[in-house]
Amino acid sequence: MKVSDIISKCSFTLLVEADTERDITGVYTGDLLSWVMGHGEEGQCLVTIMSNVNVLAVASLLDLSCVILAENVKPDDEFIELAKEKEINVLSSSESAYTICTLLYEALK
Amino acid sequence: MDNSTPLTYSFTVHGDDFSSAGEASVQVKKILRSIGFDADTIRRVSIAMYEAEINMVIHAGGGVADLYVYPDRIVIVLTDKGPGIADIGLAMSEGYSTAPDNIRSLGFGAGMGLPNIKRYSDNLDIDSKLGEGTKLTITVIPQR
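Residues numbered from 1 in each chain as written. Chains lettered and ligands numbered in written order. Predicted model: local features only at pLDDT ≥ 70, side-chain atom pairs only at ≥ 80, totals over all residues. Heavy atoms only, no water.

(A) Representation of the overall build of chain A in the model. The number of helices and strands found in chain A is 5 helices and 5 strands. For chain A, whose C-alpha radius of gyration is 12 Å, the value lies close to the compact-globule estimate of 13 Å for 109 residues. Taken across its 109 residues, chain A has 52% of its residues classed as buried. Contacts in chain A between residues at least 24 apart in sequence constitute 46% of all its contacts with a sequence separation of at least 6. As presented, chain A carries roughly 4,900 Å² of accessible surface, and 47% of it is formed by carbon and sulfur atoms. A distance of 5 Å separates the average location of the 7 positive side-chain charges in chain A from that of its 18 negative side-chain charges. (Helix = DSSP H or I, 4+ residues; strand = E, 2+ residues; numbered from the N terminus. Rg over C-alpha atoms; globule rule 2.2 N^0.38 Å. Buried < 20%, exposed > 50% of the residue type's maximum accessible area, 1.4 Å probe, protein only. Contact = heavy atoms within 4.5 Å. Areas by Shrake-Rupley, 256 points an atom, 1.4 Å probe, with all protein chains shown as cover. Lys, Arg positive; Asp, Glu negative; His and termini not counted. Charge placed at Lys NZ, Arg CZ, Asp CG, Glu CD.)

Below you can see the structure in the form of structure tokens.
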């Protein structure tokens, strides 16, 4: 399953397009970045309500396939610019982190 | 590479800019990847170094991170002139944090920093003096 597939299957909005042909190896959710840093895995997509630029550092270091911002959380311009620079796919949804995870569970089955 | 002369790199961690924290870790990741270390080793170094960088920004107003790459181990030395750690035992326990509330709202300050560094490294040495600063020496040994 590619990032482009979940965008259409789960009706996510694409905020920053980097490489949407990347494979999604799994899903991780959390807002505590130290925890995400310690437990996330390469290729996963991260579902979070955090929209500060440190999320992008974590995504970059873990080599995540994409970041999905839940509940219509709006990142600022700095976040968008940095995501483009670091080539990180950023998606958005009006749904809660929980609902997004259930949508991903169905899509990735 | 022989064991006595490691490849060395030095990075400045800026204390005034929380948003740029992690840049040194990203650089180190790129260096290790280009040398050809395995993904697990790179991941462990990245996590440990990122947490240490965040700590230096939150608590010490920045500092210096030096990377030493030996054939059989990777050593990161992080030196700051911050307030020092009053109780290292307490600081090492998960969940204990002295970070201010504004840091928590950014997703840090959960008392996971030093425990994460210890968990993902093979050796962690903390040399800290109150009022003078802290020196962290992190060693990661590749498993293959």
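Read on, since the account is not over.
(B) View of helix H1 (residues 23-35) of chain B. In this model H1(B) runs 19 Å from its N-terminal to its C-terminal C-alpha over 13 residues, within 8% of the 18 Å that 1.5 Å per residue would give. Along H1(B), the positions that sit buried rather than exposed are Ala24(B), Ser25(B), Val26(B), Val28(B), Lys29(B), Ile31(B) and Leu32(B). In this structure, the buried residues of H1(B) make contact with helix H3 (54-62) and helix H4 (77-86) of chain A together with strand S1 (7-14), helix H2 (39-60), strand S2 (62-69) and strand S3 (74-80) of chain B. Once H1(B) finishes, Gly36(B) follows within two positions and takes phi at roughly 110°, a positive value. (Expected span 1.5 Å × (residues − 1).)

(C) Layout of the side chain of Thr41(B). All names here are of chain B. With respect to the element layout, Thr41 can be found in helix H2. Looking at Thr41, the relative accessible area reads 0%, which means it is buried. Apart from residues lying up to four places away in sequence, Thr41 is in contact with Ile74, Val140, Pro142 and Gln143.

(D) Structural context of H3(A). All names here are of chain A. The buried count for H3 comes to 9 of 9 residues, which makes it a mostly enclosed element. Asn54, Val55, Leu56, Ala57, Val58, Ala59, Ser60, Leu61 and Leu62 are the residues of H3 that are buried. Positive phi appears at Asp63, one or two residues downstream of H3, with a value of about 60°.

(E) Local environment of the packing of H3(A) against H2(B). Direction vectors running N to C along H3(A) and H2(B) enclose 160°, while the axes themselves pass 10 Å from each other. Taken together, the axis directions place H3(A) and H2(B) in an arrangement best described as roughly antiparallel. Once H3(A) is placed against H2(B), the crossing between them reads as right-handed. Contacts between H3(A) and H2(B) involve Asn54(A), Ala57(A), Val58(A), Leu61(A) and Leu62(A) on the former and, on the latter, Arg43(B), Ser46(B), Tyr50(B) and Ile54(B). In the contact of H3(A) with H2(B), the residues fall into 6 nonpolar, 2 polar and 1 charged. (Axes fitted to C-alpha atoms, helices over the stretch in contact; angles between N-to-C directions. Parallel < 35°, antiparallel > 145°, perpendicular 65-115°, else oblique. Left-handed = near helix turned anticlockwise from the far one by under 90°. Nonpolar A, V, L, I, M, F, W, Y, C, P; charged D, E, K, R; others polar.)

(F) Layout of the sheet that holds S2(B). Residue and element names in this part refer to chain B. Ordered by their spatial adjacency, 5 strands build an open sheet running S1-S2-S3-S5-S4, and the pairing between neighbours is antiparallel. The sheet is open, and its two edges are formed by S1 and strand S4 (123-129), each paired on a single side. On average, each strand axis in the sheet is inclined to that of its neighbour by 15°, with strand direction left out of account. Alignment of S2 against S3, held across 6 bridges, turns out to be antiparallel. Across the sheet, Tyr68 pairs through a bridge with Val75, a residue of S3. Here H1 sits on the sheet and contacts S1, S2 and S3; the angle it forms with S1, its principal contact strand, is near 160°. Against the sheet, H2 engages S1, S2, S3 and strand S5 (133-140), with an angle of about 5° to S3. (Pairing = 2+ DSSP bridges.)

(G) The side chain of Arg43(B), seen in detail. By secondary structure assignment, the location of Arg43(B) is in helix H2. Beyond its immediate chain neighbours, meaning those up to four positions away, Arg43(B) contacts Gly38(A), His39(A), Gly40(A), Glu41(A), Leu62(A) and Tyr120(B).

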